[in-house]
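Listed below are the residues making up each chain.
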Amino acid sequence: MYVKLFRNNIKKALEDYVVYFFTLVISSTLFFAFLSLTSRYNDILGGDGNYSLTLFQNTIRYAVLAISIIFVSLISYINTYMLKQRSREFSVFMILGMEQRTISGQFFSETFIFGIVAVLAGCILGTVLSGMMTAFVLRTITGSGAFRLGFYPDTMIVTLLFFGIAFLLVGAWNIRRIYKIRLIDLLNEKKVNEGQQKKDGSYLVSLFTAMVCFIIGGVVLYDFSHINGIYAGNIPEEISNRYQAVAIVAAIAGIFALYNALAFIITVIRKRRKWKNRNINSVLLGNLFQKVSATARILSISTLAITVSLVAFVILPMLAEITMGYLDYRMPYDIMIYNTYWYIDEMDDIPEIDFSFIGNILRGYGITVSEEVSQKSYFVWERDFNTVDTRQYWRDLPRLAMRISEYNAMREMAGFEPVSLADNEFFMHLDYEMDTESIAEGIGTGTRKLQLDDGMVLVLADTEIYNEPLGQYLFNSDGSVLVFPDAVCDTLHLARTCYYANTENVIPYNICDSIRKEISETFRNRYEYLFDRYEEKYYTDRHYTSFIDPIRFLTQENNDTVLTATSVRLLGIYSGIIFFIICMTVLALQETADSIDHHSQYWTLHKIGVDRDDIVKIVSRQSLYYFFTPCVVAFVIALLLIYSFFVRYGHKVFTYIGSTGFKFGVMIPGLLIILILVCYYGATIYTIRRNLDRTLNNII
């Protein structure tokens, strides 16, 4: 008898909880596919020595596991929902004499088998999705890749263990709960929560709070967008953090106040007879009020989670695109070594570095330098030199200049044509991210002459600005450097010496760290006096870097940047989908439960003469409003937060991505969200109408 009962309950669960089954399949599919990228059986790059997958795989593995912990909460919520729906069935079993131990064991077995079947189906689908994702990673890293179907036993074991442990933990809690519950409590478990009419003052406070929060958020974003013009490049981090923190806090508080305010608006509409007495509005408004007031917290959390998913869908892939574009700007050469004077107190201690030892080190590793330049920067005015002790702010750094000969050498190494400069002229080279048009306008209305400490006057050249990507080491924090004739630089005081080189052969990834370590040790031995005088004094400063740091290699930067960008893009999609489907599942189950809990209401309406079509309209409209209101609110708030992201990073998006990449980065996540939303809403409407038909067909 128990076997037959178990079989019938599994069949009924597949019919009644299709949304839950669908969610488990999607979740396990995504979990398997993403985790398969870290499988030891999945040799994505086929042993390519120019790349190391360790960082990429560790990032994906631990991030996926961390994000997926939320599945435990989802499974617990759904099991509680299933227990509530079947509480009266279990109470009948208890009245007929079935032991609570048997009931709890039966329920646990059903939910466990139900979940494992869904996870196994997800693993099968995950194998297909894994092949697609492997091809995507290959195309992102190497520019080419084909679909390949693979079976990864370690990934399947981890997937089954992860979800199995989640089912066991939740199941153990449910067994304990059913085993200890009293019959009277089990009978009352399914009592419908109708919501509570609160005092008007409480609703007015919520409405006022929601309005104030959203007004504050709007004003903050408006002010934030208008300070962007003050900065030619990025807005400073501390200013952006302040504005965005206020906007985010206001949005969160506004979301939680909104749904109580919405309940108040519904009560106001219900009091207006022309709305209340029109067709089916009385029943619809009553149901909506009960639903919103009873589940205001669920709606608030769902809206917040959907907002997070929408932001993750868009911003994380966009950050990945920016990172990829930024690589070409940051690393135009095969080797780049930065030198700083920030932690030197005396100008006379600044060394003129001889980087000839680097060629000897590289030759020891079989690497030949094809072209190189030691680029010197000079103080335009020596009086601007300051130290950590005299600097009011760490960005308060002197204006620097460089030689035209070294500038042209760097241009040629980066693939650009050299430029000319007269003996009494100068021009500016700007950071690639800066708005050259606004700076050119500012120059046009100001002085075009510059006087040096020795009285020499230089005139701004006809072409006053260049901004080709020659690397970020040219600049202090202001994002610009002046270019002078060589003879003028001979009269200036040296500030720093950076090194750039291209090599005839590619530097293998696995020797980059060894070369870096040897370069650092050799420099320390040659310029030991710097470390003796200043390292002990400044090494605790949070901005402290060694006197040559960082030392970058194109092979290593390309590997780390490309793989990091790929992992960020994938995790953005994964986290966005997970949060979104969890919210869709919660909303879908809430609506499904409502259609079951109010079956007597629909039965009575039909019994007193209300048409079936009108009852269907009530249910459909209620589901539509309840399902899409959190999505619409989340979309508006996410849109504002995404807008603040574009304000914060100035010209990065269109500098490194362009309008086509921007549209692609927004349209693809948008289509994915719409697809998920349509699928869940369709499954919800199907389940609700099936329950409604079952109720109305029982009327004799």
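The following paragraphs examine the structure supplied in this document. Predicted model, so just to flag it, every value in this text is computed and none were measured.

**Comments concerning the overall build of the chain**
- Counting its regular elements, the chain contains 24 helices and nine strands.
- Looking at the chain alone, contacts between residues at least 24 apart form 85% of all its contacts between residues at least 6 apart.
- About 32,600 Å² of surface is accessible on the chain, with carbon and sulfur atoms providing 59% of the total.

**Remarks on the environment of C123**
- One can find C123 in helix α6 (residues 100-142).
- Among the residues examined, C123 registers a relative accessible area of 0% and is labelled buried.
- When the C-alpha atoms of C123 and I26 are compared, they prove to be 9.6 Å apart, with 97 residues separating the residues in sequence.
- When near neighbours in sequence (up to four residues on either side) are disregarded, C123 contacts F32, M156 and T159.

**Comments concerning the nonpolar core**
- If you look at the biggest cluster of nonpolar residues, it comprises 85 residues, and the most contacted ones within it are Y574 and M584.
- It is helix α20 (residues 554-597) that provides the largest number of residues to this core, a total of 15 residues.
- Look past the residues within four positions of Y574 in its chain and what remains in contact with it is L30, F31, F34, V64, I67, S68 and F71.
- By size, the runner-up hydrophobic cluster in this structure holds 65 residues, among which are I367, V483, I519 and Y527.

**Re the packing of aromatic side chains**
- Inspection of every chain in the model, using the stated rule, returns 24 aromatic pairs.
- Joined through ring pairs, the aromatic side chains of F31, F71, F112, F162, F163 and F167 make up one cluster.
- The ring of F531 has R524 sitting right over it, with the charged end atom 4.0 Å from the ring centre.

**A few points about the pairing of strand β8 (residues 493-503)**
- Of all eleven residues making up β8, eleven are buried, and the element is well covered by its neighbours.
- Here strand β1 (residues 335-339) pairs with β8 via three bridges, running antiparallel. Paired with I337 across the strands is Y499, a residue of β8.
- Pairing analysis gives ten bridges linking strand β2 (residues 369-379) to β8, with the strands arranged antiparallel. Across the sheet, S377 pairs through a bridge with R496, a residue of β8.

**Points about a nonpolar patch on the surface**
- Taken together, the side chains of V632, F635, V636, L639 and L640 make up a nonpolar region of the molecular surface, amounting to roughly 460 Å² of accessible area.
- Mapping L640 onto the fold places it in helix α22 (residues 612-648).

**Overview of unusual backbone geometry**
- Cis rather than trans, the peptide bond between D549 and P550 has omega equal to 5 degrees.
- Here P550 shows up in strand β9 (residues 548-553).

Rules of the game
Residues numbered from 1 in each chain as written. Predicted model: local features only at pLDDT ≥ 70, side-chain atom pairs only at ≥ 80, totals over all residues. Heavy atoms only, no water. Helix = DSSP H or I, 4+ residues; strand = E, 2+ residues; numbered from the N terminus. Contact = heavy atoms within 4.5 Å. Areas by Shrake-Rupley, 256 points an atom, 1.4 Å probe, with all protein chains shown as cover. Buried < 20%, exposed > 50% of the residue type's maximum accessible area, 1.4 Å probe, protein only. Core = buried A, V, L, I, M, F, W, Y, C linked by side-chain atoms within 4.5 Å. Phe/Tyr/Trp six-rings, centres within 6.5 Å; stacked < 30°, edge-to-face > 60°. Lys NZ or Arg CZ within 6 Å of the ring centre and 35° of its normal. Pairing = 2+ DSSP bridges. Patch = residues over 30% accessible without salt bridge, like charges linked within 9 Å, V, L, I, M, F, W, Y side chains within 5 Å. Salt bridge = Lys/Arg side-chain N within 4 Å of Asp/Glu carboxyl O.

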